[in-house]
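Analysis of the macromolecular model
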Amino acid sequence: MRALKIFGLALLMIIAAQGRTFAEMPEISAGETYFDIFKGVYVLKGNVYVSANNHGFKAVVTADEALVSVAKQKCWADGNVKLTQENIIFSCDRAYMQWATKTAEVTGKVNFENKKSVTISSDTAVFNWQEKIVDFYGKVTVKADKKLKFAEGVELDGKEYQHVKYNVVENEILELDKTFDAPEVVIPSAEE
């Protein structure tokens, strides 16, 4: 009976936390879905689909597997990950999204496409969706059409870079670095 009361209290706290953190509850589906009460995460396996609208930021994440913590406002996705928002598409092996910091960190075979004008591939990337800035790191290649803009003093002069900074809203390359001391992008464990 005591365990049932604790479970009920924990469930009430999770529901209350959800109401405060999202403008809308995320739409979550998968082949197998369950809530791990001890970790406080939704466990999603097979055909994962998460659609979120967090105070104007609307995005869809698909993957083979994912963990979603509504209370912590975090999502970990693994295997054939695709993040879609309006005209942009990220695909990668792994992703870690945090609503509080408004960032998505992606690793492994990163491909970014702005349907309007540019395709960028890299080893890792960090996307700040509030500022609409993406930093690509590692072996970075850029394929651009004539609609792509460049910041003053920046021009596409090679096929491969170590760092590229791109403004999604302005459709503008802000930085192209052939040598760059890139930060290590590490996807943290959901246990942390």
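All of these numbers come straight from a predicted model, not from anything done at the bench.

Criteria and thresholds
Sequence order sets the numbering: in each chain, residues are counted from 1 along the sequence as written. Totals for whole chains, interfaces and linings use every residue, but because this is a predicted model, local features are given only for residues with pLDDT of at least 70 and side-chain atom pairs only at 80 or more, for both listing and counting. Heavy atoms throughout the structure, all of them, feed into the side-chain values; hydrogens and water do not. A side-chain nitrogen of Lys or Arg and a carboxyl oxygen of Asp or Glu constitute a salt bridge if their distance falls within 4 Å. Helix and strand definitions here come from DSSP, where helices need a minimum of 4 consecutive H or I residues and strands a minimum of 2 consecutive E residues; each element is numbered from the N-terminal end. Partly exposed describes any residue whose relative accessible area lies between the buried limit of under 20% and the exposed limit of over 50%, with all areas from a 1.4 Å probe on protein chains only and scaled to the type maximum. The criterion for strand pairing is that DSSP finds at least two bridges linking the strands in question. What pLDDT conveys is the predictor's confidence in a given residue, as a value from 0 to 100. The contact criterion used is simple: two residues touch if any of their non-hydrogen atoms lie within 4.5 Å. Nitrogen and oxygen atoms within 3.5 Å of one another constitute a polar contact, given that in protein one can donate a hydrogen and the other can accept it, and given that sequence-neighbouring residues count only through two side-chain atoms.

**Remarks on the pattern of salt bridges**
Summed over the entire model, instances satisfying the criterion amount to four salt bridges. In this structure, the salt-bridge partner of R94 is D78, at a minimum N-O distance of 2.5 Å. In this pair, R94 sits in strand β6 (residues 88-98) while D78 sits in strand β5 (residues 74-85), placing the two residues 16 residues apart along the sequence. Here K149 makes a salt bridge to E170, at a shortest N to O gap of 3.8 Å. With K149 in strand β10 (residues 149-150) and E170 in the loop between β11 (160-167) and β12 (172-177), this pair connects stretches of sequence that are 21 residues apart. Judged by relative accessible area, which is 41%, K149 ranks as partly exposed.

**A closer look at the pairing of strand β8 (residues 118-128)**
The pairing of strand β7 (residues 103-114) with β8 spans ten bridges and is classified as antiparallel. Bridging from a neighbouring strand, V106 pairs with A125 of β8. As consecutive antiparallel partners, β7 and β8 are separated by three residues.

**Topic: unusual backbone geometry**
A positive phi angle, close to 50°, is found at N80, a residue other than glycine. Note on placement: N80 falls in strand β5. Overall, the relative accessible area of 58% leaves N80 in the exposed class. At K132, a position not held by glycine, the phi torsion is positive, near 60°. Along the polypeptide, K132 turns up in the loop between β8 and β9 (133-144).

**Some points on the confidence of the model for the chain**
Residues with a pLDDT of 70 or more make up 85% of the chain, whose mean pLDDT is 83. Every residue in residues 1-22 scores below 50 in pLDDT, and together they form 16 contacts with partners more than four places removed in sequence or on other chains.

**Some details on the side chain of S117**
Mapped onto the elements of the fold, S117 is located in the loop between β7 and β8. What makes S117 buried here is its relative accessible area of 5%. Here N171 takes part through its side chain, which lies 2.6 Å from a polar atom of the side chain of S117.

**A short note on the pairing of β7**
Here nine bridges tie β6 to β7, and the two strands are oriented antiparallel to one another. Bridging across to β7, I88 finds its partner in N114. Counting the residues between successive antiparallel strands, the hairpin from β6 to β7 contains four residues, one of them, K102, with a positive phi of roughly 55°.

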